[in-house]
Amino acid sequence: MHQEAEIFINGSHLSEEESMTLRMAIDTFANALAEEGIGFADNRTSVTGRYMASLSRIQLLLENPATRNQ
């Protein structure tokens, strides 16, 4: 069984199921961005790149037990 990251949002502690749901939503969003991008044609790359950078960092924090306590 995968132990999910301990996540707090505005002081509320998420359950393991809620943490898993958030992780899955982030993974799904990252996959959609990788396939389709986001934004208008003239700035699609820069907008997508900023989101992907943030998503990559969040995914690292969610998947790596050593960084979960940040």
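Because the structure is predicted, anything quoted here is derived from the model rather than measured.

A. A look at the overall build of the protein. Regarding its fold elements, the protein presents two helices and two strands. Helices (α) and strands (β) of the protein occur, in sequence order from the N terminus, as β-β-α-α. Relative to its full complement of 70 residues, the protein shows a buried share of 21%. In the protein, 33% of the contacts between residues at least 6 apart in sequence involve partners at least 24 apart.

B. Fine view of helix H1 (residues 16-36). Taking 1.5 Å as the rise per residue, H1 with 21 residues should run 30 Å; its terminal C-alpha atoms sit 30 Å apart, in good agreement. Immediately beyond the C-terminal end of H1, within one or two residues, lies Gly37, with a positive phi of roughly 70 degrees.

C. Representation of the environment of Arg23. Residue position: Arg23 is located in helix H1. Put simply, Arg23 and Leu62 are 39 residues apart on the chain and 7.0 Å apart in space, counted from C-alpha to C-alpha.

D. Expanded view of the environment of Leu61. With respect to the helices and strands, the residue Leu61 is situated in helix H2 (residues 44-63). Sequence spacing of Leu61 and Ala5 is 56 residues, and the spatial spacing of their C-alpha atoms is 8.1 Å.

E. Geometry of the pattern of salt bridges. Following the criterion strictly, the structure yields two salt bridges and no others. Linking Glu4 and Arg23 is a salt bridge whose minimum nitrogen-to-oxygen distance equals 2.8 Å. In this pair, Glu4 is assigned in the segment before strand E1 (8-9) and Arg23 in helix H1, connecting sequence segments 19 residues apart. Relative accessible area serves as the criterion here: at 11%, Arg23 is assigned to the buried category. Measuring nitrogen to oxygen at the nearest pair gives 3.8 Å for the salt bridge that ties Glu63 to Arg23. Residue Glu63 is located in helix H2, and its partner Arg23 is located in helix H1; the two are separated by 40 residues in the primary sequence. Three or more residues joined by partner-sharing salt bridges are found here, namely Glu4, Arg23 and Glu63.

Here is what the cut-offs are and how they apply
- Residues numbered from 1 in each chain as written.
- Predicted model: local features only at pLDDT ≥ 70, side-chain atom pairs only at ≥ 80, totals over all residues.
- Heavy atoms only, no water.
- Helix = DSSP H or I, 4+ residues; strand = E, 2+ residues; numbered from the N terminus.
- Buried < 20%, exposed > 50% of the residue type's maximum accessible area, 1.4 Å probe, protein only.
- Contact = heavy atoms within 4.5 Å.
- Expected span 1.5 Å × (residues − 1).
- Salt bridge = Lys/Arg side-chain N within 4 Å of Asp/Glu carboxyl O.

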